[in-house]
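Overview (structure and organization)
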Amino acid sequence: MSNPGDLHVGPITATSDLTSASQLYRDVFGYTKPEASLNPRLLKALAANGGSMVGAWDATGALVAFGYGFVGHAGGDTYFYSQAVVVADGLQGAGLGRRIKNEQRRLALADGLHRMRWAYNPVLSRNAHFNLSVLGAVGRWFVPDCYGDGESRMVVDWDLDQAHPNPSPQRWAEYTTADWGHADRNGRLAAVPVPANRDHVSPEVNAALDESFTAILADGLVAVGCDRQDHRTSVYLFAEADR
């Protein structure tokens, strides 16, 4: 297994690396259907027309991680949209995703963009912790059936000029498995406990999460953190949108 500290991170330009990225995407996510594949020609077109492709290579020159995205426009805002960050098995959880995201940030700022957005499955509490508590992105939008696959997504907004995340509010309660998915309001703060392990997410928990996230965001709060309470439960924290 490669040492993450020995990896080189930078923009992808070679066609062979784009092909490797497409294969890595299928391998990591286990995609087999043609509609879930990632076309190397599309990646090259994105990189040449306002988007970016960022990779990480080991000492042998093998591509072991990558991220890609493009410039987005919505509601009068212009931002970089990070569609995916993919890290090879065996290197996940070692900080490589953060290096990829920070390289995306560097390239976006160089192009005059000061915000980044991306979507993730909110039942993945480890991803939520990375996005919200580590990077300091803010969960502003909740989109049921985001990609037509029946799964909801949280869309986050990252201020690229912010060097460090703001501290999250402190939890005010301990939660049990019976609380999973249900909102706990405390003035203009809210907490939503979720399973720490995705395998423990039931249809009932998913439905409760959809209802809780939709109501909380509609009330003007945003997701500002997600941290482990214990080995079973992680807790989302929401606060005022101007945090």
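Before reading on, note that the structure itself is shown above.
Structure report, in brief. Treat the numbers as computed from the prediction; the structure is a model and nothing was measured. (Residues numbered from 1 in each chain as written. Predicted model: local features only at pLDDT ≥ 70, side-chain atom pairs only at ≥ 80, totals over all residues. Heavy atoms only, no water.)

Section: helix α1 (residues 15-29)
Put simply, the rule is: A helix here means a DSSP run of H or I that spans at least four residues, while a strand means a run of E at least two residues long, and both kinds are numbered starting from the N terminus. In this scheme, a helix's expected span is set at 1.5 Å multiplied by one less than its residue total. Summary of the burial criterion: residues with accessible area below 20% of their type's maximum are buried, those above 50% are exposed, and those between are partly exposed, where the area comes from a 1.4 Å probe applied to protein chains only. Arc definition: directions from the helix axis to the C-beta atoms.
With 15 residues, α1 should cover 21 Å at 1.5 Å per step; its first-to-last C-alpha distance of 22 Å lies within 8% of that length. Within the sequence span of α1, burial applies to Asp17, Leu18, Ala21, Ser22, Leu24 and Tyr25. Along the axis of α1, the buried residues cluster in a sector spanning 165 degrees; they form a single face. A positive backbone phi angle near 70 degrees is found at glycine 30, which sits one or two residues after α1.

Let's talk about the environment of arginine 228
This is how the line gets drawn: When checking whether two residues touch, look at their non-hydrogen atoms; a contact exists if any pair is within 4.5 Å.
Within the fold, arginine 228 resides in strand β10 (residues 221-228). It is 31 Å that separates the C-alpha atoms of arginine 228 and aspartate 58, two residues lying 170 residues apart in sequence. Here arginine 228 is in contact with Ala196, Thr233 and Ser234, once residues within four sequence places are set aside.

Concerning the side chain of lysine 101
In plain terms, the rule: Counting rule applied: Lys, Arg positive; Asp, Glu negative; His and chain ends not counted. Each salt bridge in this description consists of a side-chain nitrogen of Lys or Arg and a carboxyl oxygen of Asp or Glu lying within 4 Å of one another.
Here lysine 101 lies in helix α3 (residues 96-110). No salt bridge is formed by the buried lysine 101; its nearest oppositely charged neighbour, aspartate 157, is found at 12 Å. Here lysine 101 is in contact with Ser82, Val85, Met116, Trp118, Phe130, Leu135 and Trp158, once residues within four sequence places are set aside.

Some words on the packing of α1 against helix α2 (residues 40-48)
The condition that has to hold: Helix axes are fitted to C-alpha atoms over the stretch in contact, other axes to C-alpha atoms as well, and angles between N-to-C directions run from 0 to 180 degrees. Convention used here: angles under 35 degrees read as roughly parallel, angles over 145 as roughly antiparallel, angles from 65 to 115 as roughly perpendicular, and any remaining angle as oblique. Less than a right angle of anticlockwise turn of the near helix away from the far helix marks a crossing as left-handed, whereas a clockwise turn marks it as right-handed. Residue type decides the class: Asp, Glu, Lys and Arg count as charged, Ala, Val, Leu, Ile, Met, Phe, Trp, Tyr, Cys and Pro as nonpolar, and the leftover types, Gly among them, as polar.
Running from N to C, α1 and α2 point in directions that differ by 120 degrees, and their axes come no closer than 9 Å. Judged by the inter-axis angle, α1 sits oblique to α2. Relative to α2, α1 is oriented so that their crossing is right-handed. From α1, Thr15, Leu18, Thr19, Ala21 and Ser22 reach across to α2, where they touch Pro40, Leu43 and Lys44. Of the residues assigned to the contact of α1 with α2, the class counts are 4 nonpolar, 3 polar and 1 charged.

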